[in-house]
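# Observations on chain architecture
Okay, here's what each chain looks like letter by letter:
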Protein chains: 2
Amino acid sequence: MKEILNIQKQLLPDLMDTMKKRYTILHHILVSGMVGRRTLAVSLNTTERILRAEVDFLKEQGLIEVEAAGMRISAAGRQLLESIEPIVKDLFGLTELEERIRSHFGLKQVVIVPGDSDASPHTKKELGRAGAAVLRKLVAEDETIAVTGGSTMAEVAYHLAATTSLKGCWFVPARGGLGESLELQANTIASTMAKKTGARYRLLHVPDHLGEEAYQSLMQDDSIAEIIQFIRRARMVVHGIGEAMVMARRRKVDRETTEILRQDGALAEAFGYYFDRQGNILHKMPTVGLRIEDIHQMDAVIGIAGGKSKGEAIVSVLRHGHEDVLITDEAAALEIVHHLSS
Amino acid sequence: MKEILNIQKQLLPDLMDTMKKRYTILHHILVSGMVGRRTLAVSLNTTERILRAEVDFLKEQGLIEVEAAGMRISAAGRQLLESIEPIVKDLFGLTELEERIRSHFGLKQVVIVPGDSDASPHTKKELGRAGAAVLRKLVAEDETIAVTGGSTMAEVAYHLAATTSLKGCWFVPARGGLGESLELQANTIASTMAKKTGARYRLLHVPDHLGEEAYQSLMQDDSIAEIIQFIRRARMVVHGIGEAMVMARRRKVDRETTEILRQDGALAEAFGYYFDRQGNILHKMPTVGLRIEDIHQMDAVIGIAGGKSKGEAIVSVLRHGHEDVLITDEAAALEIVHHLSS
DNA sequence: GAATCATGGACGTAAATTGTCCCGGTGCTA
DNA sequence: TAGCACCGGGACAATTTACGTCCATGATTC
């Protein structure tokens, strides 16, 4: 059943919205017994006119009966409500989850796609598609957009398509090179995104983790300093979120540092920083690319991560408190609210 | 699956249409390989602009890839088409049936509701609802509408609701009283419809089947002659269709006449007349109420009947050739096309 | 019998959809 | 290699649709 809905959603993205809206109205009429248009409009907090259009529709469909005294659900409507219940329950689940997470962390927007990225590659693709859609929607004209690496971000890049609104933008990597495979490097992602959308890009050919002196000497270099300034002027960043220990291993962080991270209770990693359970940043070190203070000043910080295993990590990063938008999947979202209540 | 589609058809009929539209476009792109917007618009016979909006959407959804040379289906689009096929098949089935029957008999409109009235009362209700909707749509201002009796017509009456467009109309019975139960009398139906819609009505308190002399003497009566004149001025008739033998029995036609009907190959009954397989009228006799020549001159003749068992009868009546609109159900429609091909 | 609630009609404005035309680019063909 | 036919996409007016707002009228209740 869920399968059918997911298929239809591709052809009718607003299917769920309309269905939910009409269901809500019908359900309200059911529980209210006999009710008037204005009263109903208030309790659904919508306008009278807009409700009226829906009521006319429901009447036309024979799902409600309208008399001078008000409207009432019909036998057909009652039956429809019963059979639609399992669908809507599922439908509402995600929306409720979204709102719950959104309000708890004070985010601007939360998007949850159904499924579990850990279990199904299809869900990860969906995550990428959702990420691309949000990016396209939020971007301003001629903006600089910083992106990180990772497999989820690669999916986002894959699903971006040419849009006029992205033509004048610049894509830049948020950080320098990290010990990961080429396809998942921030540099690669930034260039892919730019090519896909017809935007421009700039790269940062510098390793991210550096000693103090190496850092200082690199910053002397004009061209490097210039690109770093450019990156730090970005007003928008799109980044993945990872589990701290997994990321440390993948990035070949040295044994000693890893041990420190573990002792400090590192849970999550995002744009090169490690976070503990409370959202505190561990292990601050001089870095090329975006610094944490740059991120704090951004207009749009968009985090993307999915999979049950990442739930806890996502909570850590959200607790840090500077995210604006979260895009995740059902499994991770459930894990998130689980950690909130415990 | 069928369940969920039926729900959606009730709750989101408009979205189902756009789903069909988008499926058609996508499917066309699939079979065309690489194709341009204008070419596609012609072969789908729609306008360029309207197709363009859909193409933009499909692109946005990543279902097609657009290049300078034209557009082509994407992997995701191909996959979607495959998985959506059963849904659309179901969705399309009825529309195709409608068009096939419509064109074969040269009707103005055919409406098919899903299901089988013989098997499920719900389908009969749907039939009534569809009938009421068509009636509401076709009616002109201050028109006289003749209606017959029968359980299907009773459902139509039940589903009529007050509409401005019907306020000034008159409902009249198409024929006199027949040996049926009160609720299913044409008189009852006409008055119910009038009460439901706020229209006016007139009744015909005369038995329909009469001997020649009784007929002549009744026509002497001024008030009866006047109402009959009134009825015959109707420009619109809504009638049920029945199986000849079933109707003969229900109307308590005498044994001898029944036998004649059987020998003549009577298959169907409509507004009091019996039809053979070819649509010829059998058993003409003087009648109060509408005569067959009145019906031939009408602006809108609307036949309503459903259920697998009535398929053959419907074909007979349609072959007579003066119907304008047919409202039936899936089971009867399938039976109809079955009789066409054999 | 007055007050309060209801529906349904009317209508102007805002917003979306659609028709129409054009431009610059691409690939095929002669 | 030049011309041609067709491509996507931009622009904009015209049209349609959606929506906010207000009012007429009828039913029900107190």
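In the annotation of an unreviewed UniProt entry, chain A is listed under the name Sugar-binding domain-containing protein and assigned to Paenibacillus cremeus. In UniProt, chain A has this text filed under Sequence similarities (unreviewed entry): "Belongs to the SorC transcriptional regulatory family."

Right, let's talk about the protein's contact with DNA strand D for a bit. A:T47, B:R37, B:R38, B:T39 and B:R52 are the nearest of the 19 residues found near DNA strand D. Within 4 Å of the protein, the atoms of DNA strand D are drawn from sugar and phosphate moieties in a proportion of 53%. A:T47 is positioned such that a nitrogen or oxygen atom in its side chain is 2.5 Å from a phosphate oxygen of DNA strand D. One nitrogen or oxygen atom from the side chain of B:K59 is found 3.4 Å from a phosphate oxygen belonging to DNA strand D. Every element with two or more residues in the surface near DNA strand D is listed here: α4 (48-60) of chain A together with α3 (37-43), α4 (48-60), β1 (64-67) and β2 (70-73) of chain B.

Okay, the side chain of A:D276 next. Residue and element names in this part refer to chain A. Structurally, the position occupied by D276 is in strand β10 (residues 273-276). At a separation of 3.0 Å, a polar atom in the side chain of D276 contacts the main-chain amide nitrogen of Q278. With residues up to four places along the chain from it excluded, the contact list for D276 reads D264, G265, A266, L267, L282 and S316.

Below, the discussion takes up the pattern of salt bridges. Per the counting criterion, the structure on display carries 34 salt bridges over all chains. Note that A:R262 is salt-bridged to A:E259, the shortest N-O span being 3.8 Å. With A:R262 and A:E259 both in helix α12 (residues 255-264) and three residues apart, the pair spans about one turn of that helix. The partly exposed category is assigned to A:E259, whose relative accessible area is 37%. Between B:R202 and B:E226 there is a salt bridge; the shortest N-O distance is 2.9 Å.

Further remarks concern the relation of the copies chain B and chain A. Superposition of the two copies of the chain requires a rotation about an axis and a shift along the axis. After a rotation of 180° and a shift along the axis of 1.1 Å, chain B superposes on chain A with an RMSD of 0.7 Å. Taken together, the turn and the small shift mark the pair as related by a two-fold rotation axis. Among all residues of chain B, the minimum C-alpha distance to the rotation axis is found for B:L15, at 2.3 Å. The fraction of interface residues of chain B whose copies in chain A are also interface residues reaches 81%, indicating that both copies meet through the same surface.

Time to look at the UniProt feature "domain: CggR N-terminal DNA binding" (unreviewed entry) in chain A. Mapped onto the present numbering, the UniProt feature "domain: CggR N-terminal DNA binding" (unreviewed entry) falls at residues 19-87 of chain A. Taken as a whole, residues 19-87 of chain A contains 68% helix and 12% strand, while its terminal C-alpha atoms sit 10 Å from one another.

At the interface, 31 residues of chain B touch 28 residues of chain A. Approximately 2,800 Å² of surface area, both sides summed, lies buried where chain B meets chain A, with 64% of it carried by carbon and sulfur atoms. Three residues stand out in chain B for area buried against chain A, namely B:I4, B:Q10 and B:L11, and they jointly supply 23% of the buried area on that side. Inspection of the region where chain B meets chain A yields three salt bridges. In this assembly, chain B and chain A are joined by nine residue pairs in polar contact (both at pLDDT 80 or more). Those elements giving two or more residues to the side of chain B that touches chain A turn out to be α1 (2-11), α2 (13-32), α4, α5 (75-105) and α6 (121-138) of chain B. Across the side of chain B that touches chain A, the residue classes tally to 18 nonpolar, six polar and seven charged.

All chains considered together, the criterion is met by seven aromatic pairs over all chains. Ring centres of A:W170 and A:F230 lie 5.4 Å apart, and the angle between their planes is 75°; on these two criteria the pair is classed as edge-to-face. Here A:W170 is found in strand β5 (residues 170-173), whereas its partner A:F230 is found in helix α10 (residues 222-232), with 60 residues between them in sequence. Centroid distance B:Y23 to B:F92: 6.0 Å. Interplanar angle 65°. Geometry classified as edge-to-face.

Definitions and limits used
Numbering of residues starts from 1 in each chain and follows the order in which that chain's sequence is written. The order in which chains are written sets their letters, starting at A; the order in which ligands are written sets their numbers, starting at 1. Totals for whole chains, interfaces and linings use all residues, but because this is a predicted model, local features are given only for residues with pLDDT of at least 70 and pairs of side-chain atoms are given and counted only at 80 or more. The side-chain quantities take in all heavy atoms of the structure and omit both hydrogens and water. UniProt positions are given in the numbering used here, feature names are shortened, and annotations may be inferred rather than shown by experiment. Here a residue counts as near a molecule or strand whenever at least one of its heavy atoms sits within 4 Å of it. Residues adjacent in sequence count toward polar contacts only when both atoms are side-chain atoms; beyond that, a polar contact is any pair of N or O atoms within 3.5 Å, and within protein one must be able to donate a hydrogen and the other to accept it. Helix and strand assignments come from DSSP, with helices taken as H or I runs of at least 4 residues and strands as E runs of at least 2, each series counted from the N terminus. The contact criterion used is simple: two residues touch if any of their non-hydrogen atoms lie within 4.5 Å. Basic side-chain nitrogens of Lys or Arg form a salt bridge, by our definition, when they fall within 4 Å of a carboxyl oxygen of Asp or Glu. The classification of residues rests on relative accessible area computed with a 1.4 Å probe and restricted to protein chains. Under 20% of the type maximum is buried, over 50% is exposed, and intermediate values are partly exposed. A residue counts toward the fit only if its pLDDT is at least 70 in both copies, and the copies are then superposed by least squares on the C-alpha atoms of those residues. When two parts are brought into contact, each loses some accessible area as probed by a 1.4 Å sphere; the total of that loss over both is the buried area. Residues are grouped as follows: Ala, Val, Leu, Ile, Met, Phe, Trp, Tyr, Cys and Pro are nonpolar; Asp, Glu, Lys and Arg are charged; every other residue, Gly included, is polar. Two aromatic rings from Phe, Tyr or Trp, using only the six-membered ring of Trp, form a pair when their centres are within 6.5 Å; if the ring planes differ by under 30 degrees the pair is stacked, by over 60 it is edge-to-face, and anything between is tilted.

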